[in-house]
Amino acid sequence: MDQKIKKERDSQFELLRIVAMFFVVSGHLIIKGADNVGLLTPYSVEEDGLMGVIIYSCVVGGGKFICYDNGLVRCEKDFAGLCETFYRLFGFRFGKLLLADASVT
Amino acid sequence: MLLSPDAAFSIKQMVWSMMFTSNWFVVSYMMLLLVAPIIEKSLKGTSTRQQGYWLLLLTIFNLYFGYWLGWVNDNGYNVVQFIWLYYVSRYLRVTRGSSWNLTLRNKGLLVYAMGTLLLAFFFVGASYIGHNFDTIRWFSYNNPLLMVSCIGLFAWFSNLTIKSKRVNVIATSMFGVFLLHTTPYVIPFRNEMTSVVFQEYSYFGLFVEVILIMIVCCGISLVLNKVTKPVIATAVGLIEKKRSCLESK
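Residues numbered from 1 in each chain as written. Chains lettered and ligands numbered in written order. Predicted model: local features only at pLDDT ≥ 70, side-chain atom pairs only at ≥ 80, totals over all residues. Heavy atoms only, no water.

## Some thoughts on the overall build of chain A
Across its full length, chain A holds six helices and zero strands. The helix and strand sequence of chain A, counted from the amino end, reads α-α-α-α-α-α. Buried residues in chain A amount to 63% of all 105 residues. If you sum the accessible surface of chain A, you get close to 3900 Å²; carbon and sulfur atoms cover 63% of it. (Helix = DSSP H or I, 4+ residues; strand = E, 2+ residues; numbered from the N terminus. Buried < 20%, exposed > 50% of the residue type's maximum accessible area, 1.4 Å probe, protein only. Areas by Shrake-Rupley, 256 points an atom, 1.4 Å probe, with all protein chains shown as cover.)

What follows is the structure in structure tokens.
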């Protein structure tokens, strides 16, 4: 059964991964960019309102889903998963280096 | 670097750019991948009941000694929480046939909605009476409300039956989206831009910005995947083959 689960990559978990990343990006923009959840400056209901807190409450758990997904589906492909993660990590870091401004780096 | 007029290639910068230790999520995720075979081995041959009992122990470990007392895993942004999540999803998998699991999958969205609303309600309520919660602490990954709401949403998603090649392809770029939008080069610019967008266009502007970031990073990510995938596929294949040979001996 494990073999079957590993091979069939059901789209609902892939969709969850996309939703999770949407949550992660949204969370980062709200908490650090809009700054209305009290991370950089103290939270005040009058000044910051409710919407930011409600949205952030909805999206804050985004990163968790990646781990759920890992435990549910990829449980026996850990080594390959680790290699894949390293590859993506280094691939993207190198890609970013190529795109980055030399004066910034 | 290549796009800059002052471009100058530096081996040191190249090596430095590949460092990932400043990103807690990536480091914790890799640590999870390192311990996952040990978890799997420990679970082999155990009954569902025993796994449930272990999960209960880990939950007490994380909630009482972690969230409540703060002695270990005080905010959930670490591998300890990720290991707990791993056990949760494994338990959801092995108990898939049970009635409580089915109920959770059916009502998962409601659980998620209730959890997030309570999370927001207590945060705002505390501020209203003049006792602001610490944001990082309240919205930590091991807040029980957040733990429950995320399990709800995950269970609800696991109940969907979707088959889409397009979704599968786009999902492969999500790790890239994460890395690209959290790079140290981008973060200050991203925060500044978001601040301006929020002041000008409020939440609608933020929503549009999120979509744009997702599209741009996804595009770059898919291209990079396409270019480098054959290399890693060969390397992983060789390693897996070697491992299979060793295990069969």
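Back to the text.
## Notes on the nonpolar core
A:Val53, A:Tyr56, A:Phe65, B:Phe139, B:Val177 and B:Met214 are the most contacted members of the largest nonpolar core, which totals 73 residues. Per-element accounting of this core gives the leading share, 12 residues, to helix α2 (residues 11-34) of chain A. Dropping the residues within four chain positions of it, B:Val177 is found in contact with A:Met21, A:Val25, B:Met214, B:Cys217, B:Cys218 and B:Ser221. (Core = buried A, V, L, I, M, F, W, Y, C linked by side-chain atoms within 4.5 Å. Contact = heavy atoms within 4.5 Å.)

## Considerations on the state of the cysteines
Scanning all chains against the criterion turns up zero disulfides over all chains. In this model B:Cys150 remains outside any disulfide bridge; the closest cysteine sulfur is found in A:Cys58, 10 Å from its own. (Disulfide = S-S within 2.5 Å.)

## So, the environment of A:Ala20
Mapped onto the elements of the fold, A:Ala20 is located in helix α2. Considered as a pair, A:Ala20 and A:Val59 are 39 residues apart in the sequence and their alpha carbons are 7.9 Å apart.

## A look at the pattern of salt bridges
All names here are of chain B. This structure, assessed with the given rule, holds one salt bridge over all chains. Note that Glu40 and Arg90 form a salt bridge whose closest N and O atoms lie 2.7 Å from each other. With a gap of 50 residues between them, Glu40 in helix α2 (residues 24-43) and Arg90 in helix α4 (residues 79-94) connect regions that are remote in the sequence. The pair Glu40 / Arg90 is uniform in exposure class, with both members buried. (Salt bridge = Lys/Arg side-chain N within 4 Å of Asp/Glu carboxyl O.)

## Details of the packing of aromatic side chains
Residue and element names in this part refer to chain B. One pass over the full model with this rule turns up 22 aromatic pairs over all chains. Pairing Phe25 with Tyr29 gives two aromatic rings, centres 6.2 Å apart and planes at 5°, and the pair type is stacked. One end of the pair, Phe25, and the other, Tyr29, are both in helix α2, four residues apart, so they sit about a helical turn from each other. Grouping residues by exposure puts Phe25 and Tyr29 together as buried. Centre to centre, the rings of Phe25 and Phe82 are 5.5 Å apart; their planes meet at 70°, and the pair counts as edge-to-face. You can see Phe25 sitting in helix α2 and its partner Phe82 sitting in helix α4, a full 57 residues away along the chain. You can call Phe25 buried: its relative accessible area is 6%. Clustering of aromatic rings is evident, with ring pairs tying together Trp24, Phe25, Tyr29, Tyr77, Phe82, Tyr141, Phe175 and Phe178. One Lys or Arg, Arg137, reaches over the ring of Tyr67 and ends 4.8 Å from the middle of that ring. (Phe/Tyr/Trp six-rings, centres within 6.5 Å; stacked < 30°, edge-to-face > 60°. Lys NZ or Arg CZ within 6 Å of the ring centre and 35° of its normal.)

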